[in-house]
Amino acid sequence: TKSIYSTVVGLLLGSLLPTIEAKPLVIHVMPHSHDDVGWLKTVDNTLRDAQKHPRADVHVELSTIMDALIDNPERKFSEVEMKFFSMWWVLQTDEKKDQVRGLVKNGQLEIINAGWSMHDEACPIYEDMINNMMYGQQFALKEFGAKPRIGW
């Protein structure tokens, strides 16, 4: 027994399929950060606390990502929020910082948006949104010479 839904979908697809050309499907996957500042625990505890919330260990996440980018020049990553990145950044050696600057320079690591946090986390009014973006983007400019081309 067919449901009404499957019957309608079948009819729609049946009428469309003859007109669709068989072309290869191209899918682009772009790994990016989504580190909500203060989501599961305090900001300071999120950077290095994999025990209670293993999925919220931003230090391990960033270290692993940077090593993976360094190991394979075909990989790319977009970093969005600057708060956790800046906390991770100050713990790095000068050698690692130079490597990460190289990743930004060669386009493997792209700084996009570059707010200190995402607006929906900490910016109830427009003035907060502007300050949030300025603070994060100043960090990106100072450390990497990066000016985000994409923001929201």
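Thresholds applied
Residues numbered from 1 in each chain as written. Predicted model: local features only at pLDDT ≥ 70, side-chain atom pairs only at ≥ 80, totals over all residues. Heavy atoms only, no water. Core = buried A, V, L, I, M, F, W, Y, C linked by side-chain atoms within 4.5 Å. Buried < 20%, exposed > 50% of the residue type's maximum accessible area, 1.4 Å probe, protein only. Helix = DSSP H or I, 4+ residues; strand = E, 2+ residues; numbered from the N terminus. Contact = heavy atoms within 4.5 Å. Phe/Tyr/Trp six-rings, centres within 6.5 Å; stacked < 30°, edge-to-face > 60°. Salt bridge = Lys/Arg side-chain N within 4 Å of Asp/Glu carboxyl O. Patch = residues over 30% accessible without salt bridge, like charges linked within 9 Å, V, L, I, M, F, W, Y side chains within 5 Å. Areas by Shrake-Rupley, 256 points an atom, 1.4 Å probe, with all protein chains shown as cover.

**Examining the nonpolar core**
Met 66, Phe 85, Val 100, Leu 109 and Phe 144 are the most contacted members of the largest nonpolar core, which totals 24 residues. Elements with a minimum of two residues in this core: helix 3 (58-71), helix 4 (82-89), helix 5 (94-105), strand 2 (109-111) and helix 7 (126-144). The biggest single contributor to this core is helix 4, with six residues. Discounting residues that sit within four places of it in the chain, Phe 85 has contacts with Leu 62, Met 66, Glu 79, Val 100, Leu 109, Phe 139 and Phe 144.

**Brief notes about the packing of aromatic side chains**
Taken as a whole and assessed by the stated rule, the structure comprises nine aromatic pairs. Ring geometry for Phe 85 against Trp 88: centres 5.4 Å apart, planes inclined by 50°, an arrangement best described as tilted. Of this pair, Phe 85 and Trp 88 both sit in helix 4, three residues apart, which is roughly one turn of that helix. Here Phe 85 matches Trp 88 in class, with each residue buried. Between Trp 116 and Phe 139, the ring centres sit 6.3 Å apart and the planes meet at 75°, which makes this aromatic pair edge-to-face. With Trp 116 in the loop between strand 2 and helix 6 (119-122) and Phe 139 in helix 7, the pair connects residues that are 23 residues apart, well separated along the chain. Of the two residues, Trp 116 and Phe 139, both sit in the buried class. Each residue in the set Phe 85, Trp 88, Trp 89, Trp 116, Tyr 135, Phe 139 and Phe 144 is aromatic and connected to the rest through ring pairs, giving one cluster.

**Examining unusual backbone geometry**
Even without being a glycine, Asn 113 presents a positive backbone phi close to 65°. Mapping Asn 113 onto the fold places it in the loop between strand 2 and helix 6. Even without a glycine there, the phi angle at Ala 114 is positive, about 65°. Tracing the sequence through the fold places Ala 114 in the loop between strand 2 and helix 6.

**A few points about the side chain of Ser 86**
Note on placement: Ser 86 falls in helix 4. Relative accessible area serves as the criterion here: at 10%, Ser 86 is assigned to the buried category. When sequence neighbours within four positions are dropped, the list of residues in contact with Ser 86 reads Trp 116 and Phe 139.

**Quick look at the pattern of salt bridges**
Taken as a whole and judged by the stated rule, the model has five salt bridges. Of the charged contacts, one joins Asp 98 and Arg 101 as a salt bridge, the two residues approaching to 3.3 Å between their closest N and O atoms. Here the residue Asp 98 and the residue Arg 101 both occupy positions in helix 5, the gap between them amounting to three residues, near one helical turn. Among the charged side chains, a network of salt bridges with common partners joins Asp 98, Arg 101, Lys 142 and Glu 143.

**Topic: the environment of Met 129**
Here Met 129 shows up in helix 7. Owing to a relative accessible area of 32%, Met 129 belongs among the partly exposed residues under this scheme. Sequence separation between Met 129 and Trp 116 is 13 residues; the distance between their C-alpha atoms is 9.6 Å. The residues contacting Met 129, other than those within four sequence positions of it, are His 119 and Cys 123.

**Considerations on a nonpolar patch on the surface**
The grouping of Tyr 126, Met 129, Ile 130 and Met 134 at the surface amounts to a nonpolar patch, some 430 Å² of accessible area in total. Mapping Tyr 126 onto the fold places it in helix 7.

Just distances and angles here, no functional claims.
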